[in-house]
Amino acid sequence: MSKKEISKIKMIVFDVDGVLVPRGTKIKQTGNTTTLQTKVIAKKQIEQIKKLNKKGFLINISSGRGLYMMQEMFREVLPFTSLTYENGSATWYKGKIFQHVNSFETLHSMFSKLKKIAIKNKSVKGFEPKEFIITLHCKKRIKEIENMVKTNKVLATNWNGEAYDVEIKKDQTKAVGLRRVMKIFKLKRQNVMAIGDNYNDQELLKESGLPISADKTRVKGAFHVPLKGKFLPADILMQKILAL
Ligand SMILES: [Mg+2]
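Residues numbered from 1 in each chain as written. Predicted model: local features only at pLDDT ≥ 70, side-chain atom pairs only at ≥ 80, totals over all residues.

## Remarks on the domain arrangement of the protein chain
Domain boundaries assigned for the protein chain yield domain 1 (11–101 + 171–243) and domain 2 (104–168). The centre of domain 1, based on its C-alpha atoms, is set 23 Å off from the matching centre of domain 2. Contacts between the two partners involve 19 residues from domain 1 and, on the opposite side, 17 residues from domain 2. Of all the elements in the fold, those that place two or more residues in the side of domain 1 that touches domain 2 are β2 (26–30) and β3 (33–37). With three residues, the top contributor of residues to the side of domain 1 that touches domain 2 is β2. Among the residues making up the side of domain 1 that touches domain 2, the classes are represented as five nonpolar, eleven polar and three charged. (Domains from an automatic or database assignment. Contact = placed C-beta atoms within 7 Å. Helix = DSSP H or I, 4+ residues; strand = E, 2+ residues; numbered from the N terminus. Nonpolar A, V, L, I, M, F, W, Y, C, P; charged D, E, K, R; others polar.)

Shown next as structure tokens:
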């Protein structure tokens, strides 16, 4: 990657899991008690984000996670960072919320149906608290859940290796989120660099002018950072940009 190649870039979009923090969310649900372990972002990444902002880059963090969790993780950089959450469903910026989709009517009845399956199935770990999508953590893929979601043609299940995101096809994607964010900040595709590591990032990366893959086996990019190594993908990318 050269300085010229990033000369038009005004915003950098980061996926969270597997990019800014290691992969994996710990969740346990017993009856009405949900235990959720929040991952902390390393001080080093916070400092790198601050430096990028000082260099004039806008920062957008796009995740399948809920807003409350992202605010907790990125507290220190919130004054200049926009958060796009629940796979493009909404964006938070400086205390203001831009809702990109209304999934209530579509998902309302599906939630109770999935809850019934979840209660009986020992491979289900629990529902992660979300506002616009349904996230169901499981030890492995469960056919019964996939089949139930299929009964509604506009819904899709996206399995990421540890959980299902149940969401409205085409409406609840990180790509939709990015398109809205680009409008908010009046940016064009060529002004945006995006980095992601998972299947749900493919559309996000395609939407950006400069896509960076953090896992070549799952997503394609113009550039990629190696998956294995002692630095997180976002760390390597930020080191590179800051050095240019
Ligand atoms: Mg990820």
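## Notes on the environment of Lys130
Tracing the backbone through its elements, the reader meets Lys130 in the loop between β8 (124–128) and β9 (134–138). Assessed through the 25 C-beta atoms surrounding it within 10 Å, Lys130 is described here as buried. Between the C-alpha atoms of Lys130 and Arg65, which are 65 residues apart in sequence, the distance is 7.6 Å. Those residues in contact with Lys130 that lie beyond four places of it in its chain are Gly66, Glu86 and Thr135. (Buried ≥ 20, exposed ≤ 12 C-beta atoms within 10 Å, placed from the backbone.)

## With respect to the sheet that holds strand β13 (residues 210–213)
An order of β7-β6-β5-β4-β1-β12-β13-β14 is seen for the eight strands of this open sheet, with the pairing classed as mixed. At either end of the open sheet lies a strand with only one pairing partner, and these are β7 (96–99) and β14 (223–224). In the sheet, strand β1 (residues 11–14) pairs with strand β4 (residues 58–62) via four bridges, with the strands oriented parallel. Counted as the bridge partner of Phe14 is Ile61 from β4. Here helix α5 (residues 174–184) sits on the sheet and contacts β1, β4, β5 (81–85), β6 (90–93), β7 and β12 (192–196); the angle it forms with β6, its principal contact strand, is near 40°. (Pairing = 2+ DSSP bridges. Axes fitted to C-alpha atoms, helices over the stretch in contact; angles between N-to-C directions.)

## A closer look at the sheet that holds β8
Pairing is antiparallel across the open sheet formed by four strands, whose spatial order is β8-β9-β11-β10. Where the open sheet ends on each side, the last strands, each with one partner, are β8 and β10 (155–159). Averaged over all neighbouring strand pairs, the angle between strand axes comes to 25°, with direction disregarded. Sheet topology note: the β8/β9 ladder contains four bridges and is antiparallel. Note that in β9 the partner of Val124 across the bridge is Cys138. Relative to the sheet, helix α3 (residues 104–120) contacts β8, β9, β10 and β11 (163–168), its axis offset from that of β9 by approximately 15°. Against the sheet, helix α4 (residues 143–150) engages β9, β10 and β11, with an angle of about 155° to β10.

## Focus: the packing of helix α1 (residues 43–54) against helix α7 (residues 233–243)
Two quantities define a packed helix pair, namely the angle between the helix axes and the distance between the axes. Interaxial distance between α1 and α7 falls to 10 Å at its minimum, and their mutual angle equals 35°. As α1 runs across α7, the sense of the crossing is left-handed. Of the residues in α7, those in contact with Lys44, Gln45, Gln48, Lys51 and Leu52 of α1 are Ala234, Asp235, Met238, Ile241 and Leu242. Per-class residue counts for the contact of α1 with α7 are five nonpolar, two polar and three charged. (Left-handed = near helix turned anticlockwise from the far one by under 90°.)

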